[in-house]
Amino acid sequence: MDFAGASRSLHAVCRLLGGAALGALLALAFAAGSAHAQVQPPDVPDTTFDDPGDWGYDDAPAWPGNSGGTQPQQPGPYPSPHPTYPTPYPGPVPGLGDPIWNPPVEEELPAVTTSYVAGTVARLRTDGRAAIPRGAPKAVRSLIGQYNRIVGKRYKWGGGHAKLVDTGYDCSGAVGYGLIKGGLLSTTMVSGSLARWGAAGAGSWVTVYANKTHVYTEVAGLRLDTSPFGDRSGLNGVRWRPVVGQRRSFKVRHPIGL
């Protein structure tokens, strides 16, 4: 018997069967990978992200007096100021990218040095305060004057809640300061509560934009905000800034009659 020939034949058969088995395994793996690829959904943009409200994180635990409050009724209605505010975010702006994060940059009027200006639209002063429009209702003129008292204060978490006159303010503390001093709000409120305060929709003179983490207000053509969003200065703290209108996830409210 030719043992050497038989051994060579057996090795050849093993090599043949081994190659076939390997090929079969590779074919099965390829088929499984193709099936897996077919059932996977395509990549889609992440739409679960929500606007955090920049620096104005204000979902704070309750401070003394933070249980809410009703807004006193105001005389009115008052006529709307003119010109009307532009619609926010009409579309992408060349060179600015996503309009949600980069609002349209409008031509800003030069700052003034006077405490009052003619007409119905407030103007930014050279000292950072707002020049009060003589044509605005008394309640609006008073509100702007009250906010002028805290312009320039630093951002301070909880500021304006434990005590109304404070060394710094968070977003709701700043917005609440003017509303309380102007007789439009009876007690301090966090931003989430301000999102349910007053009347729904934009006001003719005063509009509050709020969600659970941030709040800002626009009064007669200027915005009071602790966040530098949409502001070329890039500075945080309590400041008058250009109007930006409603941002994503923000509720729109206004004082009754204004």
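Anything mentioned here points back to the structure above.
A. Here's a closer look at the packing of helix 2 (residues 138-148) against helix 3 (residues 171-181). Running from N to C, helix 2 and helix 3 cross one another at 135 degrees; their axes reach a closest spacing of 8 Å. Overall, the two elements helix 2 and helix 3 adopt an arrangement that is oblique. The interaxial crossing formed by helix 2 with helix 3 has right-handed handedness. Residues Leu143, Gln146 and Tyr147 of helix 2 touch helix 3, and the partners they reach there are Ala174, Val175, Tyr177, Gly178, Leu179 and Lys181. Considering only residue class, the contact of helix 2 with helix 3 consists of six nonpolar, two polar and one charged.

B. Spatial organisation of the nonpolar core. Counting 36 residues, the largest nonpolar core has Val140, Ile144, Tyr147, Leu179, Val219 and Trp240 as the members making the most contacts within it. When contributions to this core are tallied by element, the ones reaching two or more residues are strand 3 (130-133), helix 2, helix 3, strand 7 (206-210), strand 8 (215-219) and strand 9 (222-225). With six residues, helix 3 is the single largest residue contributor to this core.

C. Examining the sheet that holds strand 3 more closely. Judged by pairing direction, the sheet is mixed, and its three strands sit side by side in the order 1-3-2 without closing on themselves. Lying at the two open borders of the sheet, with one neighbouring strand each, are strand 1 (116-117) and strand 2 (123-124). Relative to strand 3, strand 2 is paired through two bridges, and the arrangement is antiparallel. Bridging across to strand 3, arginine 123 finds its partner in alanine 131.

D. A look at the environment of leucine 222. Looking at where leucine 222 falls in the secondary structure, it is placed in strand 9. For leucine 222, a relative accessible area of 9% translates into the label buried. Taking the C-alpha atoms as reference points, leucine 222 and leucine 124, 98 residues apart in sequence, are found 7.8 Å from one another. Residues contacting leucine 222, with those up to four places away along its chain left out, are Ala122, Arg123, Leu124, Ala130, Thr217, Trp240, Arg241 and Val243.

Conventions used here
For every chain, the first residue of the written sequence is number 1, and numbering continues from 1 along that sequence. Local features in this predicted model are restricted to residues of pLDDT 70 or higher, and side-chain atom pairs are both shown and tallied only at a pLDDT of 80 or more, whereas totals for entire chains, interfaces and linings draw on every residue. As a rule here, side-chain values cover all heavy atoms of the structure and leave hydrogens and water aside. What counts as an axis is a line fitted to C-alpha atoms, over the stretch in contact for a helix, and the angles between N-to-C directions run from 0 to 180 degrees. A helix here means a DSSP run of H or I that spans at least four residues, while a strand means a run of E at least two residues long, and both kinds are numbered starting from the N terminus. Throughout, the term roughly parallel applies to angles under 35 degrees, roughly antiparallel to angles over 145, roughly perpendicular to angles from 65 to 115, and oblique to all others. Crossings are sorted by hand: turned counterclockwise from the far helix by less than a right angle, the near helix makes the crossing left-handed, and turned clockwise it makes it right-handed. It only takes one pair of heavy atoms within 4.5 Å for two residues to be counted as in contact. Note that Gly is not counted as nonpolar here; it falls among the polar residues with everything else outside the nonpolar set of Ala, Val, Leu, Ile, Met, Phe, Trp, Tyr, Cys and Pro and the charged set of Asp, Glu, Lys and Arg. Here the nonpolar core consists of buried residues drawn from Ala, Val, Leu, Ile, Met, Phe, Trp, Tyr and Cys, with membership extended through side-chain atoms lying within 4.5 Å. Only protein chains enter the accessibility calculation, which uses a 1.4 Å probe; a residue is then buried when its area is under 20% of its type maximum, exposed when over 50%, and partly exposed in between. By this definition, two strands are paired if DSSP reports at least two bridges between them.

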